[in-house]
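Fold and geometry: a report
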Amino acid sequence: MSQASSLFTRLEYRLAEQLFHTRWLPRSPRTQRLTMHLFQRCADAGHPAALSLYGHMLFHRGMSPQDKARGARYVLEAAHAGNARAQYQAGQIHEHGCALYPRRDDHAVTWYARAGEAGHPLAAARLARAYREGQLGLPVDAERAHHWQWLADRASGLAGQALDSGEAETRH
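Computed from a predicted structure; not experimentally measured.

Thresholds, definitions, all that
Residues numbered from 1 in each chain as written. Predicted model: local features only at pLDDT ≥ 70, side-chain atom pairs only at ≥ 80, totals over all residues. Heavy atoms only, no water. Core = buried A, V, L, I, M, F, W, Y, C linked by side-chain atoms within 4.5 Å. Buried < 20%, exposed > 50% of the residue type's maximum accessible area, 1.4 Å probe, protein only. Helix = DSSP H or I, 4+ residues; strand = E, 2+ residues; numbered from the N terminus. Contact = heavy atoms within 4.5 Å. Phe/Tyr/Trp six-rings, centres within 6.5 Å; stacked < 30°, edge-to-face > 60°. Lys NZ or Arg CZ within 6 Å of the ring centre and 35° of its normal. Expected span 1.5 Å × (residues − 1). Axes fitted to C-alpha atoms, helices over the stretch in contact; angles between N-to-C directions. Parallel < 35°, antiparallel > 145°, perpendicular 65-115°, else oblique. Left-handed = near helix turned anticlockwise from the far one by under 90°. Nonpolar A, V, L, I, M, F, W, Y, C, P; charged D, E, K, R; others polar.

A few words on the nonpolar core. Among soluble globular proteins, nonpolar side chains are generally buried collectively. Membership of the largest hydrophobic core comes to 24 residues, with the highest contact counts inside it found for Tyr 13, Phe 39, Ala 43, Tyr 54 and Tyr 74. Taken together, the elements giving at least two residues each to this core come down to helix H1 (2-21), helix H2 (29-44), helix H3 (48-61), helix H4 (65-80) and helix H5 (84-96). Broken down by element, this core gets its largest block of residues, 7 residues, from H3. Apart from residues lying up to four places away in sequence, Tyr 54 is in contact with Met 36, Phe 39, Gln 40, Ala 43, Arg 70 and Tyr 74. Residues Ala 108, Ala 123, Trp 148 and Leu 151 belong to the second largest nonpolar core, which totals 18 residues.

Below is the structure:
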């Protein structure tokens, strides 16, 4: 029974994703409500990608503080489930803070590191910048900054190209 439920949830998520990304479909309020309803059903069923995407939408576009708080909870649940995109978003939530989760640089660094190690280029780039500039309570450390920038470049498919901003500045 749980396999059938899981299959149905995955199919619902695919449908919601298609509705969300389809450009030719009219963006009527009815279609938008259906799409959001499908994302919510999938998130409530524990689908990690739905938790991440729907949580992100609620956190950033929610009208009420309750929507934003529920969005943050969904994102953190997906992050704990290992979703790299949600781990990056969790780092953002903890870096900037919200009503439910006050700013915690140590938590932000932890989530950025998990996402960066999982191949999320923006998370690795954020840690590289934090180590270069001494942000998020981290010491300035050129070696660690270089490591995280290398991971960001590799995750972006740019490894081997000198795109490290520190290297690019020294070449001019």
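In total, this model carries 4 aromatic pairs according to the counting rule given. Plain terms: the ring middles of Tyr 54 and Tyr 74 are 5.7 Å apart, the flat faces sit at 45° to each other, and that makes the pair tilted. Remark: Tyr 74 occurs in helix H4 and Tyr 54 occurs in helix H3; sequence separation between them is 20 residues. The two residues Tyr 54 and Tyr 74 agree in class, both being buried. Plain terms: the ring middles of Tyr 88 and Tyr 112 are 5.8 Å apart, the flat faces sit at 45° to each other, and that makes the pair tilted. Residue Tyr 88 is located in helix H5, and its partner Tyr 112 is located in helix H6 (residues 105-117); the two are separated by 24 residues in the primary sequence. Like Tyr 88, the residue Tyr 112 is buried in the burial classification. Among the aromatic side chains, those forming a connected cluster through ring pairs are Tyr 13, Phe 20 and Phe 39. Positioned above the aromatic ring of Trp 111, the side-chain terminus of Arg 114 is 4.6 Å from the ring centre.

Side chains that are three or four residues apart share a direction in an α-helix, a result of its 3.6 residues per turn. Compared with the 18 Å implied by 1.5 Å per residue over 13 residues, the 18 Å span of helix H7 (residues 121-133) between its first and last C-alpha is a close match. Along H7, the positions that sit buried rather than exposed are Ala 123, Ala 124, Arg 126, Leu 127, Ala 128, Ala 130 and Tyr 131. In this structure, the buried residues of H7 make contact with H5, H6 and helix H8 (142-155). Taken from the residues just after H7, Gly 134 is the one with a positive phi, measuring 70°.

Where H5 contacts H6, the axes come no closer than 8 Å and their chain directions differ by 160°. Taken together, the axes of H5 and H6 are roughly antiparallel relative to one another. In this structure, H5 meets H6 at a crossing whose hand is left-handed. Here Ala 84, Gln 87, Tyr 88, Ala 90, Gly 91, Gln 92, His 94 and Glu 95 of H5 come into contact with H6, specifically with His 107, Ala 108, Trp 111, Tyr 112, Arg 114 and Ala 115. When grouped by side-chain class, the residues that make up the contact of H5 with H6 number 7 nonpolar, 5 polar and 2 charged.

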